[in-house]
Structures are given as C-alpha cells and as structure tokens.
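Geometric and topological summary
Spelled out from the first residue to the last, the chains are:
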Amino acid sequence: ELKVEQNPLFLSMQEGKNYTIYCNYSTTSDRLYWYRQDPGKSLESLFVLLSNGAVKQEGRLMASLDTKARLSTLHITAAVHDLSATYFCAVEIDFGNEKLTFGTGTRLTIIP
Amino acid sequence: SQTIHQWPATLVQPVGSPLSLECTVEGTSNPNLYWYRQAAGRGLQLLFYSVGIGQISSEVPQNLSASRPQDRQFILSSKKLLLSDSGFYLCAWSGLAGDRALSTDTQYFGPGTRLTVL
C-alpha cells in the first residue's frame, strides 16, 4: 500500500523567512503533484513534477522531485502572509491508475 | 476552458436521511471523475472514481454510492446518512491528452459541499 507522508504537519514561520516542506512516499512513483488549500476552500493545483530531477517554480514557491529518494520538496522563499494555507502533495503510482494518493497535508501559517 | 460545479455548497441533514450530491463538468469530454471526502482538519480520502458512463470504482466500503448517468455528471448518494458521513465532499476531474507523454493526470477540484449530519 502506498503511503505518502509530509512533514512538518504544522509550520508557523515569520514573513521573509525561507522554509521547506517535505513529501516522502513509499513506492516508486510515476508523477507527483502539489496542491494548495485555503481554509474552508477547495484544492488548487500548484505543480506537476513528471520526472526525476524535475524542478518547477512559481513566484516564491519552488517544487522539486527526487524519484530515487522518493522525495519531493516544496521550498518557500521570503514568505509572505498570502502563502498561509495547507499544502498537499499527491503521488500517482503508475500509468492507467488514474488515482492519486494524497499526503497528510502541511498547514502553513505565516506570521507578520 | 473547463469548469467544475458542485451543489449544494452546504447541507445539514439528520441521521438516517438520504443524500444526493451532484457534480458536473463543462468544457471537456470523457473526463475521469472522482469523489473525495475530507474530515475536519484532515487529508483527502478517495471514495469513488469513474473512467466513463456507468463505470464506478469504489475505494472504501461505506454506506455511500456513486453514479455517472451522463459523461460529465457524477452523483454521490446515500440511502441513510450516519454521523460519520459529515465532512467536506470534493469532486474532481482529470483528462488525458492522446499522448500521455504530453499530458498529466492533474486533478482539478470543484468548490466542494460541506455536509453536516446531526
């Protein structure tokens, strides 16, 4: 059974600081996705990582994938309050599976 | 562009009552469709997914059922709600391009239905 774990589960950080959220998974993965969820809202797609060594960046967020280590990271640079949200990674095991297994989520709070 | 709708947005139902949540997708054809449940402060649990009309796969045993009567319509139902059915229900769609190397299985989520069973 595929397990997807994120850490930390909760993160409180000051504006302007850098931090990294980690996503570990237990089985060889085909692809990895990052989503954002604001309180009481739905999920918004952030990044799709399609191969080993893939790196995607959007604004202050940068995601990377190491398939050999079964690890993805979401790095936050110079955090701002608008980035406060819960972040989920999701893993797709193999082609034709049509299913994603979601991580536990990391609740990020940016303090002014 | 594609859009996904869910209704109702909020629902409060007594234990033992029936349930029907609806999800529709616009702007695409033959999407994969998914129902998830999110308990308060928790992650997402996949309940059902469908790759075509009338094709439903259930992920967890429960008193819920799903149906796909039309290509872009996905319905989540229950004959008798339990307290444990409370949660945030999310519908999602994904679609593959002809060449998988050029496409992704990114799932796009609807706005959700918040269900409270009392």
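Residues numbered from 1 in each chain as written. Chains lettered and ligands numbered in written order. Predicted model: local features only at pLDDT ≥ 70, side-chain atom pairs only at ≥ 80, totals over all residues. Heavy atoms only, no water.

**A few points about the interface of chain B and chain A**
Defined as follows: Throughout, a contact is declared for two residues whenever any of their heavy atoms are within 4.5 Å. Joining two parts hides part of their accessible area as seen by a 1.4 Å probe, and the buried area is that hidden amount summed over both. Salt bridge, as applied in this entry: a Lys or Arg side-chain nitrogen positioned within 4 Å of an Asp or Glu carboxyl oxygen. To qualify as a helix, a DSSP run of H or I must reach at least 4 residues; to qualify as a strand, a run of E must reach at least 2; elements of each kind are numbered from the N terminus. Note on residue classes: Ala, Val, Leu, Ile, Met, Phe, Trp, Tyr, Cys and Pro are nonpolar, Asp, Glu, Lys and Arg are charged, and everything else, Gly too, is polar.
If you look at the interface, chain B gives 26 residues, while chain A gives 22 residues. Buried surface at the junction of chain B and chain A, summed over both partners, amounts to about 1800 Å²; 53% is from carbon and sulfur atoms. Counting every contact that joins chain B to chain A gives one salt bridge. In this structure, A:Lys99 engages B:Glu59 in a salt bridge whose closest nitrogen and oxygen atoms are separated by 3.3 Å. Put simply, the parts of the chain that give the side of chain B that touches chain A at least two residues each are strand E4 (32-38), strand E5 (44-52), strand E9 (87-94) and strand E10 (108-109) of chain B. Here the side of chain B that touches chain A is built from residues that sort into twelve nonpolar, nine polar and five charged.

**Quick look at the state of the cysteines**
Residues and elements named next belong to chain A. So the rule is basically this: For the purposes of this analysis, a disulfide is any pair of cysteine sulfur atoms at a distance within 2.5 Å.
Under the defined criterion, the tally for this structure stands at two disulfides over all chains. The disulfide partner of Cys23 is Cys89, and the S-S distance across this bridge is 2.0 Å. As the torsion about the S-S bond is roughly 80°, the Cys23-Cys89 disulfide counts as right-handed. Of the two residues, Cys23 is situated in strand E3 (residues 19-25) and Cys89 in strand E9 (residues 85-92); the sequence distance between them amounts to 66 residues.

**Some points on the side chain of A:Gln37**
Our working rule: Each polar contact in these results corresponds to two N or O atoms within 3.5 Å; when the atoms are within protein, one needs to be able to donate a hydrogen and the other to accept it, and residues that are neighboring in sequence are counted only if both atoms are side-chain atoms.
With respect to the element layout, A:Gln37 can be found in strand E4 (residues 31-37). Of note is the side chain of A:Gln37, whose polar atom sits 2.9 Å from the side chain of B:Gln38. When residues no more than four places from it in sequence are discounted, the contact partners of A:Gln37 are A:Ser42, A:Leu43, A:Ala85, A:Thr86, A:Phe88, B:Gln38 and B:Phe88.

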